[in-house]
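Structural characterization, general
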Amino acid sequence: MRVVQRTIIRADQELDIRPLYVGGLSSIGTQEESRQSGEDSWDDDTHAAAAAEEAAEGIGGFGRVTEEAVLVASPDRRMTLGTYFNAFPAGYWRRWTTVTEVHLRATVRGHGNLLVYRSTAKGHQQREFSRRVDTDGWETFDFQLTLKPFIDGGWYWIDLEGGDTEIELQSADWLVDIDGGSDTGSISIGITTFNRPDFCVDQLIELGKATEVLEVIDDIIVVDQGSQKVVEHESYEQAKSALGDKLVVIEQGNLGGSGGFSRAMKETIERGKSDYCLLLDDDVVCETEGILRGLAFADLAKHPTVVGGQMFSLYDRSVLHAYGETVKPYTWFWGPAPKTTHGHNFATKSLRSTEWLHQRIDVDYNGWWMCMIPTSVIREVGLSLPMFIKWDDAEFGLRAREAGFPTVTLPGMAVWHVPWHEKDDTIDWQAYFHRRNRIVAALLHSPYERGGRLVRESLETQIRHLLSMQYAPAEMGLLAIEDILEGPHRMHRDVLERLPELRALRQNYPDSQMRPALDAYPATWRRKPPKKGRNPLAPSTKLAKMKTLAVGALHQFKPVRDTAVRNPEATVPHIDQKWWLLSQFDSAVVSAADGSAAAWYQRNPEQFRDLLRRSVAIHARLWKDWETLSQTYRESLPDLVSPETWEKTFEQSVTPHEQP
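Residues numbered from 1 in each chain as written. Predicted model: local features only at pLDDT ≥ 70, side-chain atom pairs only at ≥ 80, totals over all residues. Heavy atoms only, no water.

Thoughts on the overall build of the protein chain
- What the protein chain contains, in helices and strands, is 19 helices and 24 strands.
- Relative to a compact globule of 660 residues, whose C-alpha radius of gyration would be 26 Å, the protein chain shows 27 Å and is just as compact.
- Counting all 660 residues of the protein chain, 60% fall into the buried class.
- Restricting the contact set of the protein chain to residue pairs at least 6 apart, pairs at least 24 apart contribute 80%.
- Taken together, the 74 basic and 95 acidic charged side chains of the protein chain have centroids lying 10 Å from each other. (Helix = DSSP H or I, 4+ residues; strand = E, 2+ residues; numbered from the N terminus. Rg over C-alpha atoms; globule rule 2.2 N^0.38 Å. Buried < 20%, exposed > 50% of the residue type's maximum accessible area, 1.4 Å probe, protein only. Contact = heavy atoms within 4.5 Å. Lys, Arg positive; Asp, Glu negative; His and termini not counted. Charge placed at Lys NZ, Arg CZ, Asp CG, Glu CD.)

Encoded structure:
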């Protein structure tokens, strides 16, 4: 028998993440207890009330966790492990592994009931087993559970219900019978870091504390691409002492995430010790137990499989920010997988009461905040494309899938990471990489003629930038397409040199000149107040959008008001910086996504006309040459991602540039 998932119960757990591990049940527990058959079908009001009560009370009044990490249910109260980290994702094991049944082994004592539940893919809940516990000493119960009914999804979990006195849970493990097959694999962890030594060293220290995780790790390869060195951090020696020879630090020039992770992949396959390379961002907080879960899942997968972790918000830690990612094939844009929701908060709505969480969600790729790739897959499909940042993980997942290697984003395997809504990397220097890499990925993998709607959407993005007085990202968008048209041979050159060139380009545009305070700019002033004192509203219909677009476009050809040169006409919070609003001004101070600075956007009719003309022309050329470009990029792909080509790029990388 092999343990594939251990229950996580910690005495020192902070309250904001406790709903991810354990919960208390009141009315739900009573209703479940009274039902004779399997399925429950509570209405939304019941779910909402129960979820609100869980959120308000936590586990207070239902039970507690002792200093020995024992879960205790109070008399006549119920505790549940039907939570994100402690329920067993049976639907994923049913679909992707060779496992047909799982064993639950739970050690308890006291007086009460040990209950085993499962859910269907529709979110209906069924009781599978109930065991009466009446003992003063620890007793172990073993349940044999089939995976047969989980073809579309569903979970297993246990509840603990106190009787006249308390009942305690010491441990609960999920095991599978490997019958002499499937040895435990080993991992090399690859961490790419750029000027975040605090985060990186903290992560190394936590890995050093995870004794059982260290047993399956061969190397921890830190690829340091910054000027603030990890090895110079005051706590580095503490991390080095805990990790010993397993810790390997490699310093190279700043080649972005694609260059750093490619180096980690290359080092892993050349060292020849590991079955998997686990990629981790430098600025994540990792639930280390998830590493063991991902390893067990990958070891028992039907075919070599990329296994990735999900992402919680580092700022609001009960919020699941990314459950699964896909690329929409016609519009060719990444986003949450169908039937999932970004930003699900487990503190307000539990796993048990959220229907969509019970379906199995299939993905196209997994973000490289936490992604475990079999070394056999790396040897067959190559390293990352030299994309610097953005789309490198998505393109790799699509490439692996085309070669017959699926990606599974596994619930219960996760990190906490800075959420995307705290950034706006579509208008800073990263706008170039967003545009170029999205189009390159489509040239390689889009199933539609000329990339479906992508060329049209790219032009629409240009027009929105221009109407919003965002001339720097519009110029970078043009540069991205120009580089694509020049050919794939540019990509390794550009992973080395494009970033400083982009930073220099942005210095020429006011919309890229950020200042740390609104007081750094003149006071806002408009010659004419808004018509009838009404603030602009977002156009809600297609006709209204067309009308707003026409008015905004005509405005671009009018002379700039003298007063708008001396004073910004408005102060626009980042959340409101929409094209339909900014297109009405001649200038405006617009704040950054993280709230730390602001820029003075200024309308320039001459730049608008020049950029618009060039944008239309270059998109027409991209449309015309799409098929030829697609063939060229596909033929060049094996060389672009080969370890030999990357080795030359690593050798050419120079002293890291400063943080953009």
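Here's the deal with the pattern of salt bridges
- This model, assessed by the stated rule, comprises 46 salt bridges.
- The salt bridge partner of Glu501 is Arg498, with a shortest N-O separation of 2.3 Å. In this pair, Glu501 and Arg498 both sit in helix H14 (residues 490–506), three residues apart, roughly one turn of the helix.
- Of the residues examined, Arg498 reaches a relative accessible area of 8% and is grouped as buried. (Salt bridge = Lys/Arg side-chain N within 4 Å of Asp/Glu carboxyl O.)

Observations concerning the sheet that holds strand E24 (residues 598–602)
- One open sheet holds the four strands; their spatial order is E21-E24-E23-E22, and the pairing between them is mixed. Two strands bound the open sheet, and with one partner strand each, they are strand E21 (514–515) and strand E22 (571–572).
- Pairing of strand E23 (residues 587–591) with E24 involves five bridges; the strand directions are antiparallel. The residue bridging Val590 from the neighbouring strand is Ala599, located in E24. (Pairing = 2+ DSSP bridges.)

Some words on the pairing of strand E15 (residues 319–322)
- Of the strand pairs in this sheet, strand E14 (residues 306–313) and E15 are connected by two bridges, and their pairing is antiparallel. Residue pairing across strands places Met311 opposite Ala322, the latter belonging to E15.
- Hairpin connection from E14 to E15: five residues lie between these consecutive antiparallel strands.
- As defined by bridge partners, E15 adjoins strand E18 (residues 344–345) across two bridges and the pair is classed as antiparallel. Across the sheet, Val319 pairs through a bridge with Asn345, a residue of E18.

Description of the nonpolar core
- Membership of the largest hydrophobic core comes to 102 residues, with the highest contact counts inside it found for Tyr156, Leu169, Ile189 and Ile220.
- No other element matches the nine residues that strand E8 (residues 156–176) contributes to this core.
- Each residue touching Leu169, except ones within four places of it in the same chain, is listed here: Ile9, Val70, Leu71, Leu81, Ala106, Thr107, Val108, Trp138, Ile158 and Leu160.
- Ranked by size, the runner-up nonpolar core spans 83 residues in total, among them Leu279, Phe396, Trp579 and Tyr633. (Core = buried A, V, L, I, M, F, W, Y, C linked by side-chain atoms within 4.5 Å.)

What to know about the packing of helix H7 (residues 256–271) against helix H19 (residues 643–652)
- Axis separation between H7 and H19 bottoms out at 11 Å; the angle between their running directions is 120°. The pairing of H7 with H19 is recorded here as oblique in orientation. For the pair H7 and H19, the sense of crossing is left-handed. Of the residues in H19, those touching H7 at Ser258, Gly259, Ser262, Arg263, Lys266 and Ile269 are Pro643, Trp646, Glu647 and Phe650. (Axes fitted to C-alpha atoms, helices over the stretch in contact; angles between N-to-C directions. Parallel < 35°, antiparallel > 145°, perpendicular 65-115°, else oblique. Left-handed = near helix turned anticlockwise from the far one by under 90°.)

Describing the packing of aromatic side chains
- Scanning the entire structure with this criterion turns up 29 aromatic pairs.
- Summarising the aromatic geometry, the rings of Tyr117 and Trp157 are spaced 6.0 Å apart at their centres and angled 10° between planes, so their arrangement reads as stacked. You can see Tyr117 sitting in strand E6 (residues 101–119) and its partner Trp157 sitting in strand E8, a full 40 residues away along the chain. For the residue pair Tyr117 and Trp157, the accessibility class agrees, reading buried in each case.
- Arg118 extends its terminal NZ or CZ atom over the ring of Phe150, reaching a point 5.5 Å from the ring centre.
- Note that Arg352 overlies the ring of Tyr117, its terminal NZ or CZ placed 5.9 Å from the centroid. (Phe/Tyr/Trp six-rings, centres within 6.5 Å; stacked < 30°, edge-to-face > 60°. Lys NZ or Arg CZ within 6 Å of the ring centre and 35° of its normal.)

Considering the packing of helix H11 (residues 431–445) against helix H18 (residues 605–640)
- Running from amino to carboxyl end, H11 crosses H18 at an angle of 65°, the nearest separation of the two axes being 8 Å. One way to sum up the angle between H11 and H18 is to call them roughly perpendicular. As H11 packs across H18, the resulting crossing turns out to be right-handed. Contacts from Arg435, Ile439, Val440, Ala442, Leu443, Leu444 and His445 of H11 reach H18 at His619, Leu622, Trp626, Leu629, Ser630, Tyr633, Arg634 and Leu637.

Description of the confidence of the model for the protein chain
- When pLDDT is averaged along the protein chain, the result is 90; 93% of the residues meet or exceed 70.
- Across residues 27–57, confidence stays below pLDDT 50; counting only partners more than four residues off in sequence or on other chains, it has 47 contacts. (pLDDT = per-residue confidence, 0-100.)

A few points about the side chain of Thr375
- The residue Thr375 is located in helix H9 (residues 375–381) in this model.
- With sequence-adjacent residues up to four places away left out, Thr375 is seen in contact with Thr268, Ile269, Ser274, Asp275, Tyr276 and Cys277.

Remarks on H19
- Of all the positions in H19, only Thr645, Trp646, Thr649 and Phe650 are classed as buried. In an axial view of H19, the angular spread of the buried residues amounts to 145°, which keeps them on one side of the axis. More than 90 degrees from the buried face of H19, the exposed residues found are Glu644, Lys648 and Glu651.
- Tucked into the core, H19 has its buried residues touching H7, H14 and H18. (Arc of directions from axis to C-beta.)

What to know about the environment of Lys624
- Note on placement: Lys624 falls in helix H18.
- On a C-alpha basis, the gap between Lys624 and Arg450 in space is 8.5 Å, while along the polypeptide they are 174 residues apart.
- Reaching out from Lys624, the side chain makes a polar contact with the side chain of Asp625 at a distance of 2.9 Å. (Polar contact = N/O pair within 3.5 Å; in protein donor to acceptor, adjacent residues only side chain to side chain.)

Re unusual backbone geometry
- Positive phi, normally seen in glycine, also occurs at Asp76, with a value near 60°.
- Tracing the chain through its elements places Asp76 in the loop between strand E4 (71–73) and strand E5 (78–80).
- One non-glycine residue, Phe388, lies in positive phi territory at about 70°.

Concerning the environment of Tyr432
- Looking at where Tyr432 falls in the secondary structure, it is placed in helix H11.
- We classify Tyr432 as buried; its relative accessible area is 0%.
- Setting aside chain neighbours within four positions, we find Tyr432 in contact with Met476, Leu479, Ala480, Asp483, Asp494, Arg498 and Leu502.

Notes on a nonpolar patch on the surface
- On the surface, Ile463, Met546 and Leu549 cluster together into a nonpolar patch covering about 230 Å² of accessible area.
- Here Ile463 lies in helix H12 (residues 454–467). (Patch = residues over 30% accessible without salt bridge, like charges linked within 9 Å, V, L, I, M, F, W, Y side chains within 5 Å. Areas by Shrake-Rupley, 256 points an atom, 1.4 Å probe, with all protein chains shown as cover.)

Re the pairing of strand E7 (residues 125–146)
- Direction of pairing for E6 relative to E7: antiparallel, over a ladder of 18 bridges. The partner of Leu114 across the bridge, within E7, is Arg131.
- The turn joining E6 and E7, which pair antiparallel and follow one another in sequence, is formed by five residues; a positive phi near 90° is taken by Gly123.

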